Amino acid sequence: MRLAGRYLLLSVLALIVLFPIYITVVNSLLRPDQIASRPPGLFPTDPQWGAYKEAWEGGHIGRYMLNSAIVTTGIMVGQVLLAILAAYAFAFLEFPGRGFLFVVFLTTMMIPFEVVFFTNYQTIADLGLLNTYGGLILPFLATGFGAFLLRQAFLTVPGELRDAAALDGYGHWRFLWRVAVPLARPTVAALSVFAFLSAWGQYLWPLIVTDDDRARTVQVGLAQLRREALNDINVTFAGVVLASIPLVILLLAFQRQLVRGLTAGAVKG
Amino acid sequence: MSAQRSARRRAKDALLGYALVLPSLVVFGVFVFYPFVKNFSLALHRTPPFPGLPKKYVGLDQVKDVLSSSEFHKSLRITIEFVMLTVPVGIVLGLLLAVLAHKQLRGMGIYRTIFSSTVATSVAAASVIFWTLFNPQIGLVTYWMGRSGDLGVLEDPKTALIAVAVTTVWQNIGLSFILMSAGLQGVPDDLYEAAAVDGADGARRFWHVTLPMLSPTLFFSAVVGSIMAFQAFGQIDILTRGGPDDATNVLVYSIYEDVFRAGNDGVAAVKAIALFVIVLILTIVQLRVAERRVSYAR
Amino acid sequence: MSGITLSGVTKRFGDTIAVDDVSLTVDDHELLVLLGPSGCGKSTLLRMIAGLEEMTAGEIRIGDRVVNDVEPKDRDLAMVFQSYALYPHMTVRANIEFPLRSRKVPKDQRALQVAEAAEMLDLTDYLDRKPSQLSGGQRQRVALARAVVRRPAAFLMDEPLSNLDAKLRAATRIELVELQRRLEATIVYVTHDQVEAMTMGHRVAILDRGVLQQLGSPQEVYDRPANLFVARFIGTPPMNTVRGRLETAGGTPVVRIGADGVELPGAAAAAAAADGLLEIVLGVRPEHVEIVTDGTPGALTATVEVVEHLGHEQHVVGRLGDGQLVTVRQGSHLPAPPAKSSVRLAVRVEHAHCFDPETGARLG
Ligand SMILES: Nc1ncnc2c1ncn2[C@@H]1O[C@H](COP(=O)(O)OP(=O)(O)OP(=O)(O)O)[C@@H](O)[C@H]1O
Ligand SMILES: [Mg+2]
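Conventions adopted
Residues numbered from 1 in each chain as written. Chains lettered and ligands numbered in written order. Predicted model: local features only at pLDDT ≥ 70, side-chain atom pairs only at ≥ 80, totals over all residues. Heavy atoms only, no water. Helix = DSSP H or I, 4+ residues; strand = E, 2+ residues; numbered from the N terminus. Buried < 20%, exposed > 50% of the residue type's maximum accessible area, 1.4 Å probe, protein only. Contact = heavy atoms within 4.5 Å. Areas by Shrake-Rupley, 256 points an atom, 1.4 Å probe, with all protein chains shown as cover. pLDDT = per-residue confidence, 0-100. Buried area = accessible area lost by both parts, 1.4 Å probe. Salt bridge = Lys/Arg side-chain N within 4 Å of Asp/Glu carboxyl O. Nonpolar A, V, L, I, M, F, W, Y, C, P; charged D, E, K, R; others polar. Pairing = 2+ DSSP bridges. Expected span 1.5 Å × (residues − 1). Arc of directions from axis to C-beta. Axes fitted to C-alpha atoms, helices over the stretch in contact; angles between N-to-C directions. Parallel < 35°, antiparallel > 145°, perpendicular 65-115°, else oblique. Left-handed = near helix turned anticlockwise from the far one by under 90°. Near = heavy atom within 4 Å. Polar contact = N/O pair within 3.5 Å; in protein donor to acceptor, adjacent residues only side chain to side chain. Domains from an automatic or database assignment. Phe/Tyr/Trp six-rings, centres within 6.5 Å; stacked < 30°, edge-to-face > 60°. Lys NZ or Arg CZ within 6 Å of the ring centre and 35° of its normal. Patch = residues over 30% accessible without salt bridge, like charges linked within 9 Å, V, L, I, M, F, W, Y side chains within 5 Å.

## A closer look at the overall build of chain C
And step 1. If you tally the helices and strands in chain C, you get nine helices and 21 strands.
And step 2. Oriented by its inertia axes, the alpha-carbon framework of chain C measures out at about 80 × 45 × 35 Å.
And step 3. The buried share of chain C, reckoned over its 364 residues, is 52%.
And step 4. For chain C, contacts bridging at least 24 residues in sequence account for 65% of all contacts bridging at least 6.
And step 5. For chain C, the exposed surface amounts to about 16,000 Å²; the carbon and sulfur share of it is 50%.

Structure representation (structure tokens):
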């Protein structure tokens, strides 16, 4: 009986958590008048797919998703790459000032983007990078958190492997790519997924550095769609569904890595 | 001879080290440290009323003005209210879901996926969804509350911040659930078994075994959640634009408005420094506690 | 041709001297064992030969070439590590092939060499497994195969068997000796296990606190230990070392221990006399001490402390009048004296060694 109670409670909570997502999907398949009718329709009895086409083309969601995909990929690849390079230096190379520089990297974690975004806007504007992918990507290329995490992973690579590789004829650069990175793959994967998730969801920065369609990302596009498409509210819902698809795929395909990435900080703390 | 070679090799290694660190350092320099330092200079200069006029050095006057202004106080109060409205609820909900879904039972995988699902929504998506739910004409929440046609919850200064908080809590449920579940996984099973042997029932086990073992996770989530809440922006911009009547004008949103509506980056810089100090304090508290815990563990 | 010569090799870590002025030559096709207690600098010395560690002073030659300035990869050496240092993310095949890839060996040539090395070490069936799917012994063989595959001028092995259980270790020891013979390989082999050293080494170099104590064949270091350290380090149970006063009784030199006296071997006596020593340390292996009947002249009186039965033999530990301990090793068929009983111990003087009590150096 207690088991039944647990399942009941779980199911009720699951319904509550899922409801906003469910209603979004349903509403994307209803006509605006059906959405506004009272009592509200909670099932798509006669699904209409037109809203998706309208969001994709009329609402430019297609273009925005492409932009988002490019920017997100750029940020993810850049962050992981730069973090790998820096982490390798901190873990395997000796150079004067290494400890200090590592602290510098850690310090960046204490300066939130919200503290510096408006000056960065000025910098990007001065560089002539407003409304460009570069402007959206550049400020996020480096990550102190990622470098820290990868350094920890690299430090678990046994020193004898480095020695063996040195005798086998592999210098630092080839050791990095052929041994260190493959061995740190779980961390690299977690970091990549985490970077993708946060980059895809960015809102403040794309909002201020884009004011036309050229580079505008889908998150800003959603807000715009909501403002402009009040009469076809189903199109807004369709846009939300479309914009969420990459993250849903990410969640389903890389759940383990995602959990690792999200909890990485928690384990450290 | 050998010394020469080893000196050369060491120099080569060092050079490679700097080269590998350099790209990150450049990015940090341009997009973290430069703007961070620039804030202090901006804070000391008053922005002229018309663009084109030179900025005027005013020392700490502007800092004092901003920090003592009722507008800043209100914004700070709202931000703290927002933190209090979102963080504890988020943690309790995440913990509840995690504890319920923790047992290895048939079908738990589905519940876990559902409870994690909101991490697949962005702040903007969640905000747009809830904006429609809260909408006075078509919103289901309004309809079920029997407020259709009335002043919408987002237009009512008394409820706007709560509505924004609800949106935020929902969007963060997935993250909170994942963090709490990971924390629960860290509680060794033999502790439960010991407690079971001792005859502790479910509730006692929760309070005396689970919760103490989970306290690092809870604490970490509280700090990180607070830092995130202090940085909230997207949900405000989409749901209320800081309104009505500044009822949801949190710190970051007011910084945004100072710069991009009023063109006053001097005032914005002072607020940004304040935000930095708050986050710094939270971080230091977090590090201190983590450190103390490490030394206990030893 | 591919011998290794060390001259004056020294390594300091800050204040500690890990390796102190070591000079020795590893002959071509020789298996030389570096033996010594933990922390004596064996690994450090080996890593300097490999080029993984910088020397503080000295010179290393491989063949005719001074390699002080040569990168590890260009020294033509292969190393086998205690942890095996296999690349966990690569298959056995890829692990063995790894050193060939960096040397730009053509592909079919690589495959040939890998197959040959795998064949030699009985790994052909495991080539597509990951190291984590192998037993300890198999991993160890992969490490050997990776070293063998590129046919280096010499092999460096740092306690390669110490992670194996006793039985496997004994078996692998024999295989390694076999392999060395087949390849006619030059091997520098580090261990702290004297059984390995004695059974495998053509010669044994014994290190203590970074200093080379003795270099010789296993038989030499056993029969003629150069100093007290070597005497006590080699052999189980360890050699008895008993301190006594040097006297002359009726023309013959005698070591007086308590009330008893033991006649000295002539050469040692002469050396001791030349050094003007008053005291001396007498070294006798436990198998060279016998329990004899009362009244035997030139024997030591001792009280039995404990008798250890090992099945095929027994160790009788006796305490001399002045408190020093002496162990007797005898066959298990002999009667064991009861504890606390008094026995007479006769020393077979022709097998005794004498050492300077101050310097520890061998006399005669
Ligand atoms: N990188 C280092 N820095 C400082 N001291 C070191 C370093 N490496 C070795 N040592 C010191 O040098 C001495 C010799 O070390 P080494 O590893 O060569 O000993 P070993 O004979 O191989 O011992 P073991 O049998 O335990 O492996 C030790 O006292 C050790 O503490
Ligand atoms: Mg060692």
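## A few points about the confidence of the model for chain A
And step 1. Per-residue confidence for chain A gives a mean pLDDT of 89, with 97% of residues at or over 70.
And step 2. Element-level pLDDT for chain A is lowest in helix α15 (residues 255–268) of chain A, with a mean of 70, against a maximum mean of 96 in helix α4 (residues 61–92) of chain A.

## Here's the deal with the interface of chain B and chain A
And step 1. Chain B puts 87 residues into the contact, and the matching count from chain A is 86 residues.
And step 2. Counting the surface lost from both chain B and chain A, the interface buries some 7,500 Å², and carbon and sulfur atoms represent 79% of this.
And step 3. The tally of links between chain B and chain A comes to zero salt bridges.
And step 4. In the side of chain B that touches chain A, the residues fall into 63 nonpolar, 16 polar and eight charged.

## So, the pairing of strand β3 (residues 31–35) of chain C
Residues and elements named next belong to chain C.
And step 1. Burial of β3 is extensive: five of the five residues sit out of reach of the surface.
And step 2. Pairing analysis gives five bridges linking β3 to strand β8 (residues 187–191), with the strands arranged parallel. Within the sheet, the bridge partner assigned to Leu 34 lies in β8 and is Val 190.
And step 3. Where β3 lies against strand β9 (residues 203–208), four bridges are found, and the strand directions are parallel. The residue bridging Leu 34 from the neighbouring strand is Ala 205, located in β9.

## Brief notes about helix α5 (residues 166–183) of chain C
Residues and elements named next belong to chain C.
And step 1. For α5, spanning 18 residues, the distance from its first C-alpha to its last is 26 Å, which sits close to the expected 26 Å at 1.5 Å a residue.
And step 2. For α5, the full list of buried residues reads Thr 172, Arg 173, Leu 176, Val 177, Leu 179 and Gln 180. Buried residues of α5, seen end-on, are gathered within an arc of 160° and therefore sit on one face of the element. For α5, the exposed residues lying more than 90 degrees away from the buried face are Lys 167, Ile 174, Arg 181 and Arg 182.
And step 3. Summarising the contacts, the buried residues of α5 are in contact with β3, α3 (107–120), α4 (136–148), β7 (154–158), β8 and α6 (194–200).
And step 4. Trailing α5 by a residue or two, Glu 184 shows a phi angle of about 50°, which is positive.

## Some remarks on the packing of helix α3 (residues 70–102) of chain B against helix α4 (residues 108–116) of chain B
Residues and elements named next belong to chain B.
And step 1. Two elements in contact, α3 and α4, have axes whose closest approach is 9 Å; the angle formed by their N-to-C orientations is 165°. Between α3 and α4, the interaxial angle falls into the category roughly antiparallel. Here the hand of the crossing between α3 and α4 comes out left-handed. Packed against α3, whose contacting residues are Leu 97, Leu 100, Ala 101 and His 102, the element α4 presents Met 108, Arg 112 and Phe 115 at the interface.

## Considerations on the site of ligand 1
Residue and element names in this part refer to chain C.
And step 1. As a matter of local geometry, ligand 1 sits amid Phe 13, Ala 18, Pro 37, Ser 38, Gly 39, Cys 40, Gly 41, Lys 42, Ser 43, Thr 44 and Glu 159.
And step 2. Within the backbone of Cys 40, one N or O atom sits 3.2 Å away from an oxygen atom of ligand 1.
And step 3. With respect to ligand 1, the side chain of Thr 44 contributes an N or O atom lying 2.5 Å from an oxygen atom.
And step 4. When ligand 1 sits alone it has 630 Å² of accessible area, and the protein chains cover 57% of it.
And step 5. Per-element accounting of the shell around ligand 1 gives the leading share, three residues, to helix α1 (residues 42–50).

## Regarding the pairing of strand β13 (residues 260–263) of chain C
All names here are of chain C.
And step 1. Where strand β12 (residues 252–257) and β13 come together, four bridges link them in antiparallel fashion. If you follow Ile 257 over to β13, its bridge partner there is Asp 260.
And step 2. Between β12 and β13, which pair antiparallel in sequence order, lie two residues; one of them, Gly 258, sits at a positive phi of approximately 65°.

## Brief notes about the domain arrangement of chain C
Residue and element names in this part refer to chain C.
And step 1. Under the domain assignment used here, chain C contains domain 1 (4–230) and domain 2 (240–355).
And step 2. Put simply, the middle of domain 1 and the middle of domain 2, counted by C-alpha atoms, are 40 Å apart.
And step 3. Taken together, the contacts link six residues of domain 1 with six residues of domain 2.
And step 4. Roughly 510 Å² is buried in total at the junction of domain 1 and domain 2, and carbon and sulfur atoms are behind 63% of that figure.
And step 5. Of all residues in domain 1, the largest losses of buried area upon contact with domain 2 belong to Tyr 222, Pro 225 and Leu 228, amounting jointly to 83% of the total for that side.
And step 6. Inspection of the domain 1/domain 2 interface yields zero salt bridges.

## Points about the sheet that holds strand β5 (residues 65–66) of chain C
Residues and elements named next belong to chain C.
And step 1. The antiparallel open sheet is built from four strands, whose spatial order is β2-β1-β4-β5. Each edge of the open sheet carries a strand with a single partner, namely β2 (16–26) and β5.
And step 2. Relative to β5, strand β4 (residues 57–62) runs antiparallel, the two being bridged by two bridges. Each residue of the ladder has a partner; that of Ile 62, found in β5, is Arg 65.
And step 3. Helix-sheet contacts for α1 involve β1 (4–13), β2 and β4, and the interaxial angle to β1 is about 120°.

## Concerning the pattern of salt bridges
And step 1. Evaluated as defined, the whole model comprises 33 salt bridges over all chains.
And step 2. A salt bridge links Lys 73 of chain C to Asp 74 of chain C, with the shortest nitrogen-to-oxygen separation between them at 3.6 Å.
And step 3. Residue classification places Lys 73 of chain C among the partly exposed residues on the basis of a relative accessible area of 37%.
And step 4. For Asp 74 of chain C, a relative accessible area of 37% corresponds to the partly exposed category.
And step 5. The salt bridge involving Arg 329 of chain C is made with Glu 287 of chain C; its shortest N-O contact spans 3.5 Å. Remark: Glu 287 of chain C occurs in the loop between β14 (279–284) and β15 (289–292) and Arg 329 of chain C occurs in strand β18 (residues 325–331); sequence separation between them is 42 residues.
And step 6. Judged by relative accessible area, which is 27%, Arg 329 of chain C ranks as partly exposed.
And step 7. With relative accessibility at 24%, the residue Glu 287 of chain C sits in the partly exposed group.
And step 8. Sharing partners across several salt bridges, the network here consists of Asp 163 of chain A together with Arg 47 and Glu 53 of chain C.

## Comments concerning the sheet that holds strand β11 (residues 240–249) of chain C
All names here are of chain C.
And step 1. Here we have six strands laid out as an open sheet, ordered β13-β12-β11-β14-β20-β21, and antiparallel in their pairing. Two strands lie at the open edges of the sheet, namely β13 and β21 (362–363), each paired on one side alone.
And step 2. Strand direction decides the pairing type here: strand β20 (residues 353–355) and β21, joined by two bridges, are antiparallel. Bridge pairing in β21 links Phe 355 to Arg 362.

## A word on the packing of aromatic side chains
For any pair of aromatic rings, geometry is given as the distance between the ring centres together with the angle between the planes.
All names here are of chain A.
And step 1. Enumeration over the complete set of coordinates arrives at 35 aromatic pairs over all chains.
And step 2. Ring centres 5.8 Å apart and planes at 75° place the aromatic pair Trp 173 and Trp 177 in the edge-to-face group. One end of the pair is Trp 173 and the other is Trp 177, both in helix α10 (residues 172–183) and four residues apart, which spans about a single turn.
And step 3. Overall, the relative accessible area of 47% leaves Trp 173 in the partly exposed class.
And step 4. Given a relative accessible area of 31%, Trp 177 falls into the partly exposed group.
And step 5. The aromatic ring of Phe 102 is capped on one face by Arg 151, whose charged end is 4.2 Å from the ring centroid.

## Observations concerning unusual backbone geometry
Note: most residues except glycine have negative phi, and most peptide bonds are trans.
And step 1. The linkage connecting Thr 236 of chain C with the following residue, Pro 237 of chain C, adopts the cis geometry, with an omega of -10°.
And step 2. Take Pro 237 of chain C: it is sitting in the loop between α8 (228–233) and β11.
And step 3. One non-glycine residue, Asn 131 of chain A, adopts positive backbone phi at about 60°.
And step 4. Look at His 29 of chain C: it is not a glycine, yet its phi comes out positive at around 65°.
And step 5. When you line up the elements, His 29 of chain C lands in the loop between β2 and β3.
And step 6. Given the relative accessible area of 39%, His 29 of chain C is considered partly exposed.

## Some words on a nonpolar patch on the surface
Residues and elements named next belong to chain A.
And step 1. A cluster of nonpolar side chains, Leu 8, Val 12 and Ile 16, forms an exposed patch at the surface whose accessible area comes to about 300 Å².
And step 2. The residue Leu 8 is located in helix α1 (residues 2–28) in this model.
And step 3. Given a relative accessible area of 59%, Leu 8 falls into the exposed group.

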